[in-house]
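What follows is each chain in one-letter form.
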Amino acid sequence: MNSAWSAAWWGLVGGGALVFGAATGYWLNVPKRVIAGVMAFGSGVLISALSFELMAAAFKGAGITATALGFLLGAVCYAAANRLLVSYGAKHRKRSADKQPSEAEQPGSGAAIAMGALLDGIPESIVIGLSILHGGEVSVAVVVAIFLSNIPEGLSSSAGMKKAKRSAYFIFGVWSVIAVLCSLAALGGYVLFAQVSPFVIGLTTAIAAGAMLTMVVDTMIPEAFASAHNWTGLIAVLGYLMSFSLSMLG
């Protein structure tokens, strides 16, 4: 498979996990503790992939100074964008409980939730394309981490959207569009950076990694802890260990 189309395919796989999770959360009454457990596991997987795949690759290409600055820049940009969306009603976009506002309660919250989901997904997808540029083929650990973290996000958010009286058309429309945009973001991550220096690729990887870690701490871990409570850390450790093993064995 051509590398560019490989990036698009794996981006779609990662984004498609959102649709799978949304369908599960919409049609099945999944216990909140199960959702929280999967969210905690996905958090651990992502944190490990960030450490051993993305940041290591960024350091190799850009050095410690650029990697550190890029990492901080990604975190600041995500936090600022997330704070803006929170003010419009996207604060609880990953919550499965009765916390998401309905459109009647907060007009414009539906669009804010959709934009928040897109904000969460784009950095993850870009690094899929960048990982192919780094190593010549997609990083299994990165794709698995993104896939496993997106399932509970779609599951939890769709359950919350349903309780907020949002239509099935809105729920599945949002996640389907985002899955396609994730595929395009992965393709863009490969095509747009194919001719640039390893330094720029490394810096961009660090920026995406900073945004992703901020997303995990700001949105995924709070949702996991809300229901899993004291089991959250242990479950996250198991996810971290699985991703670490994939990175080392790969």
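Residues numbered from 1 in each chain as written. Predicted model: local features only at pLDDT ≥ 70, side-chain atom pairs only at ≥ 80, totals over all residues. Heavy atoms only, no water.

(A) Layout of the overall build of the protein. Counting secondary structure elements, the protein contains seven helices and zero strands. Each of the 250 residues in the protein was classed as buried or not, and the buried ones make up 52%. Across the protein, contacts joining residues at least 24 apart in sequence account for 84% of those joining residues at least 6 apart. When the accessible area of the protein is evaluated, it comes to approximately 11,200 Å², of which 72% is carbon and sulfur surface. (Helix = DSSP H or I, 4+ residues; strand = E, 2+ residues; numbered from the N terminus. Buried < 20%, exposed > 50% of the residue type's maximum accessible area, 1.4 Å probe, protein only. Contact = heavy atoms within 4.5 Å. Areas by Shrake-Rupley, 256 points an atom, 1.4 Å probe, with all protein chains shown as cover.)

(B) Geometry of the side chain of S247. Relative to the assigned elements, S247 resides in helix α7 (residues 232-249). Sequence-distant contacts of S247, that is, excluding residues within four places in its chain, are made with F52, E53 and A141.

(C) A look at the UniProt feature "transmembrane region" (unreviewed entry) in the protein. As annotated by UniProt and renumbered to match this structure, "transmembrane region" (unreviewed entry) occupies residues 7-28, 34-55, 62-81, 126-148, 169-193, 199-217 and 229-249. The span residues 7-28 carries 95% helix and 0% strand; its end-to-end C-alpha distance comes to 32 Å. (UniProt positions renumbered as here; feature names shortened; annotations may be inferred.)

(D) Representation of the packing of aromatic side chains. One pass over the full model with this rule turns up five aromatic pairs. With centroids separated by 5.4 Å and ring planes inclined at 70 degrees, the aromatic side chains of Y26 and F172 adopt a geometry described as edge-to-face. Residue Y26 is found in helix α1 (residues 3-27), and its partner F172 is found in helix α5 (residues 168-191); the two are separated by 146 residues along the sequence. For the cation-ring pair, K162 lies above Y26, with the distance from its terminal atom to the ring centre recorded as 4.6 Å. The cationic tip of R166 hangs over the ring face of F170; the distance from NZ or CZ to the ring centre is 5.5 Å. (Phe/Tyr/Trp six-rings, centres within 6.5 Å; stacked < 30°, edge-to-face > 60°. Lys NZ or Arg CZ within 6 Å of the ring centre and 35° of its normal.)

(E) α1, seen in detail. Taking 1.5 Å per residue as the helical rise, α1 with its 25 residues ought to reach 36 Å, and the 36 Å between its terminal C-alpha atoms agrees with that figure. Taking the largest bend as the criterion, α1 deviates by roughly 25 degrees, centred on G15. (Expected span 1.5 Å × (residues − 1). Bend = angle between axes of the 7 residues up to and from the residue.)

(F) Representation of the side chain of T204. Tracing the backbone shows T204 in helix α6 (residues 198-228). Each residue touching T204, except ones within four places of it in the same chain, is listed here: L130 and F193.

(G) The arrangement of a nonpolar patch on the surface in detail. Together, V177, V180, L181 and L184 give the surface a local cluster of nonpolar side chains, amounting to about 330 Å² of exposed area. Within the element layout of this structure, V180 appears in helix α5. Relative accessible area serves as the criterion here: at 46%, V180 is assigned to the partly exposed category. (Patch = residues over 30% accessible without salt bridge, like charges linked within 9 Å, V, L, I, M, F, W, Y side chains within 5 Å. Salt bridge = Lys/Arg side-chain N within 4 Å of Asp/Glu carboxyl O.)

(H) Looking closely at unusual backbone geometry. One non-glycine residue, H229, adopts positive backbone phi at about 55 degrees. Mapping H229 onto the fold places it in the loop between α6 and α7. Judged by relative accessible area, which is 36%, H229 ranks as partly exposed.

(I) Region of the structure containing the packing of α1 against α5. Across the interface, α1 lies against α5 with an axial gap of 7 Å and an inter-helix angle of 160 degrees. One finds that α1 runs roughly antiparallel with respect to α5. When the axes of α1 and α5 are compared, the crossing they make is right-handed. (Axes fitted to C-alpha atoms, helices over the stretch in contact; angles between N-to-C directions. Parallel < 35°, antiparallel > 145°, perpendicular 65-115°, else oblique. Left-handed = near helix turned anticlockwise from the far one by under 90°.)

(J) Summary view of the environment of M242. Looking at the element boundaries, M242 is found in helix α7. Put simply, M242 and A49 are 193 residues apart on the chain and 9.9 Å apart in space, counted from C-alpha to C-alpha. When neighbours within four sequence positions are excluded, M242 is seen to be in contact with F41, V45, V144 and L148.

(K) Local environment of the nonpolar core. Core analysis: the biggest nonpolar cluster contains 30 residues, and L46, L54 and V127 have the highest contact counts within it. Of all the secondary structure elements, the ones that give two or more residues to this core are α1, α2 (32-90), α3 (109-135), α4 (140-163), α5 and α6. Apart from the residues lying within four places of it in its own chain, the contact partners of L54 are A49, V127, V142, T205, A209 and M212. With twelve residues, the next largest nonpolar core counts A22, Y26, V174 and C182 among its residues. (Core = buried A, V, L, I, M, F, W, Y, C linked by side-chain atoms within 4.5 Å.)

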